[in-house]
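Here is what each chain is made of, one letter per residue.
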Amino acid sequence: MKKIIVLVPYNVISLGDKLIGADARFWYSLEKPFRRLLLLKPSEALIELSSIQEPSCKLRKLISDSEQISMLRKLKEDLLQGSLEVRKEKDHEKNPLKLLGLRLASLVVPGSTVYRKLEEEVYDPDIRELRAATSFAKQLKIEKARPFGRTLYLKLNVSINRDGKKNRIVVEDKIYSQILEMDSLFRREFESEVLRCLGGNTSQV
């Protein structure tokens, strides 16, 4: 088993009295646009690059904070207008309502009411994912968003296990690990970055 520390860049965005981070590497690496809401984290969950002492692999940014703000505003508009559709997936096992609820809980509405909602709806079909995203978007005060001009990093501990002839990647992060399972585009992009880091021998620990 190999272990690696991956540093995912996050653009910091000001929402008035609150700072959040938006994943600046995997923003385009999702099958459904509203899953970008899963790539938001409270700024307290992110760290300065200078504070990282261990050997690690720093991923590159692919989008600016102003672009992300613009896309989030459009996403919220589309969700509230009901112009987005969910493609039905018969074999879909992981419904990300729980993930969206966790984002909502950590960014907007901490408290037990969110978790009661998760318990009630986590096993519902795909349409719940869209409804959850809409609910989240309503609470997210993206109209107040402004670029903060700062980049912080999410530190991910990643293990690469050999499973037969394939490498199985395990991420010690609840959100990212479940996105890996449910989103094939994200999985391809993430695995590509991890293997690139190992191949460059710049991030093995």
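Cut-offs used in this document
- Residues numbered from 1 in each chain as written.
- Predicted model: local features only at pLDDT ≥ 70, side-chain atom pairs only at ≥ 80, totals over all residues.
- Heavy atoms only, no water.
- Helix = DSSP H or I, 4+ residues; strand = E, 2+ residues; numbered from the N terminus.
- Buried < 20%, exposed > 50% of the residue type's maximum accessible area, 1.4 Å probe, protein only.
- Contact = heavy atoms within 4.5 Å.
- Areas by Shrake-Rupley, 256 points an atom, 1.4 Å probe, with all protein chains shown as cover.
- Phe/Tyr/Trp six-rings, centres within 6.5 Å; stacked < 30°, edge-to-face > 60°.
- Polar contact = N/O pair within 3.5 Å; in protein donor to acceptor, adjacent residues only side chain to side chain.
- Expected span 1.5 Å × (residues − 1).
- Core = buried A, V, L, I, M, F, W, Y, C linked by side-chain atoms within 4.5 Å.
- pLDDT = per-residue confidence, 0-100.

1. With respect to the overall build of the protein
Looking only at helices and strands, the protein has 6 helices and 6 strands in total. Taken from N to C terminus, the helices and strands of the protein fall in the order β-β-β-β-α-α-α-α-β-β-α-α. Of all 205 residues assigned to the protein, the portion counted as buried reaches 49%. For the protein, contacts bridging at least 24 residues in sequence account for 78% of all contacts bridging at least 6. For the protein, the exposed surface amounts to about 10,800 Å²; the carbon and sulfur share of it is 47%.

2. Regarding the side chain of Ser29
Mapping Ser29 onto the fold places it in the loop between strand 2 (19–23) and strand 3 (40–42). If we skip the residues at most four places from it in the chain, Ser29 touches Asp183, Leu185, Phe186 and Glu189.

3. A word on the packing of aromatic side chains
The description of two aromatic rings rests on the distance between their centres and on the angle between their planes. Applying the stated criterion to the full structure yields 4 aromatic pairs. With centroids separated by 5.5 Å and ring planes inclined at 40 degrees, the aromatic side chains of Phe26 and Phe190 adopt a geometry described as tilted. Of this pair, Phe26 sits in the loop between strand 2 and strand 3 while Phe190 sits in helix 6 (residues 184–200), and the two are 164 residues apart along the sequence. Three or more aromatic residues joined by ring pairs form one cluster here, namely Phe26, Tyr176, Phe186 and Phe190.

4. So, the side chain of Ser14
Within the secondary structure, Ser14 is located in strand 1 (residues 2–14). Here Gly16 takes part through its backbone nitrogen, which lies 3.4 Å from a polar atom of the side chain of Ser14. Those residues in contact with Ser14 that sit more than four places away from it in its chain are Leu19, Lys144, Ala145, Arg146 and Phe148.

5. So, helix 1 (residues 65–81)
Taking 1.5 Å of rise per residue, 17 residues should cover 24 Å, and helix 1 covers 24 Å from first to last C-alpha, within 8% of that figure. Looking only at helix 1, the buried set comprises Asp65, Gln68, Ile69, Leu72, Leu75, Lys76, Asp78 and Leu79. Backbone geometry just after helix 1 places Gly82 at a positive phi near 70 degrees.

6. Concerning the nonpolar core
Membership of the largest hydrophobic core comes to 50 residues, with the highest contact counts inside it found for Val8, Leu37, Leu156, Val158, Tyr176, Phe190 and Val194. Those elements that place two or more of their residues in this core are strand 1, strand 2, helix 1, helix 4 (127–139), strand 5 (146–163), strand 6 (166–171), helix 5 (174–182) and helix 6. The biggest single contributor to this core is strand 1, with 6 residues. Setting aside anything within four residues of it in sequence, one finds Tyr176 in contact with Val8, Tyr10, Asp23, Phe26, Leu39, Lys41, Leu154, Leu156, Val171, Phe186 and Phe190.

7. Points about the confidence of the model for the protein
Taken over all residues, the pLDDT of the protein has a mean of 82, while the share at 70 or more is 74%. The low-confidence segment residues 118–125, where pLDDT is below 50, has 11 contacts with residues more than four positions distant or belonging to other chains. Below pLDDT 50 for its whole length, residues 201–205 participates in 19 contacts with residues either more than four positions away or in separate chains.

8. Remarks on the environment of Asp173
Relative to the assigned elements, Asp173 resides in the loop between strand 6 and helix 5. Placed 17 residues apart in sequence, Asp173 and Leu156 show a C-alpha to C-alpha distance of 6.9 Å.

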